[in-house]
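Fold and contact review
One-letter residues, chain by chain:
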Amino acid sequence: VCAGGLLITFSGSGHPNALTPRAFWILVDVTHLAAIAAWLGGLLVLWKAGREWMAEPEAVRPARQFSLVSTIAVPVIRPSVCPVRKRASIIWRRS
């Protein structure tokens, strides 16, 4: 709950707040930030676990879970950046 509130706070006070419709762009930004957090968090766990642990049989389940999360998160990360950047650059040029 706290993490969700933190994501909404960052999105609500950043560039998406200047775009219209506000609620839509804030939701896009929250989704983008959540996907980044999930993907980087999974990478960090796998990195800290080390190669020796990844060779163990009990590592199969977490590796598969990370694979599933990555399959969903990475496509969400990239497209959600493009519209916000384009809209923000248009607003920047107008002001």
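In this text, all values refer to a predicted model and were calculated from it rather than measured experimentally.

What follows concerns the overall build of the protein chain. Scanning the protein chain from N- to C-terminus turns up three helices and zero strands. Listing every helix and strand of the protein chain by position from the N terminus yields α-α-α. Once local pairs closer than 6 in sequence are excluded, the contacts in the protein chain between residues at least 24 apart make up 56%. Summed over its atoms, the accessible surface of the protein chain is roughly 7100 Å², and 69% of this surface lies on carbon and sulfur atoms.

With that settled, the discussion passes to the confidence of the model for the protein chain. The pLDDT averaged across the protein chain works out to 79; a share of 82% of its residues lies at or above 70. The lowest-confidence element of the protein chain is helix α3 (residues 60-94), averaging 73 in pLDDT; the highest-confidence one is helix α2 (residues 22-54), averaging 87.

Further remarks concern the environment of L46. Counting through the fold element by element, L46 comes out in helix α2. Once the C-alpha coordinates of L46 and A63 are considered, the two residues, 17 residues apart in sequence, prove to be 7.8 Å apart. Not counting chain neighbours up to four residues away, the residues in contact with L46 comprise W53, M54 and F66.

One can describe the packing of helix α1 (residues 2-12) onto α2 by two numbers: an axis separation of 9 Å at closest approach and a directional angle of 130°. Considering their axes alone, α1 and α2 lie oblique with respect to each other. Here the hand of the crossing between α1 and α2 comes out right-handed. From α1, L7, I8, F10, S11 and G12 reach across to α2, where they touch I26, D29, V30, L33 and A34. Each residue belonging to the contact of α1 with α2 can be placed in one class, and the counts come to seven nonpolar, two polar and one charged.

Further remarks concern the side chain of H32. Within the secondary structure, H32 sits in helix α2. On the basis of relative accessible area, H32 is assigned to the buried category, the value being 11%. A polar atom in the side chain of H32 sits 3.1 Å from the backbone oxygen of I77.

With that out of the way, let us pick up the side chain of D29. Mapped onto the elements of the fold, D29 is located in helix α2. Since its relative accessible area comes to 15%, D29 is described here as buried. Beyond its immediate chain neighbours, meaning those up to four positions away, D29 contacts S11 and P16.

Below, the discussion takes up α2. Where α2 bends most, at K48, the angle is about 55°. Buried within α2 are the following residues: W25, I26, V28, D29, V30, H32, A35, G42 and G50.

Turning to the packing of aromatic side chains, a few remarks are in order. Taken as a whole and assessed by the stated rule, the structure comprises one aromatic pair. Each ring, one from F24 and one from W25, has its centre 4.9 Å from the other, and the planes form 75°; the classification is edge-to-face. Note on F24: relative accessible area 44%, which makes it partly exposed. Looking at W25, the relative accessible area reads 7%, which means it is buried.

About the criteria used
Residues numbered from 1 in each chain as written. Predicted model: local features only at pLDDT ≥ 70, side-chain atom pairs only at ≥ 80, totals over all residues. Heavy atoms only, no water. Helix = DSSP H or I, 4+ residues; strand = E, 2+ residues; numbered from the N terminus. Contact = heavy atoms within 4.5 Å. Areas by Shrake-Rupley, 256 points an atom, 1.4 Å probe, with all protein chains shown as cover. pLDDT = per-residue confidence, 0-100. Axes fitted to C-alpha atoms, helices over the stretch in contact; angles between N-to-C directions. Parallel < 35°, antiparallel > 145°, perpendicular 65-115°, else oblique. Left-handed = near helix turned anticlockwise from the far one by under 90°. Nonpolar A, V, L, I, M, F, W, Y, C, P; charged D, E, K, R; others polar. Buried < 20%, exposed > 50% of the residue type's maximum accessible area, 1.4 Å probe, protein only. Polar contact = N/O pair within 3.5 Å; in protein donor to acceptor, adjacent residues only side chain to side chain. Bend = angle between axes of the 7 residues up to and from the residue. Phe/Tyr/Trp six-rings, centres within 6.5 Å; stacked < 30°, edge-to-face > 60°.

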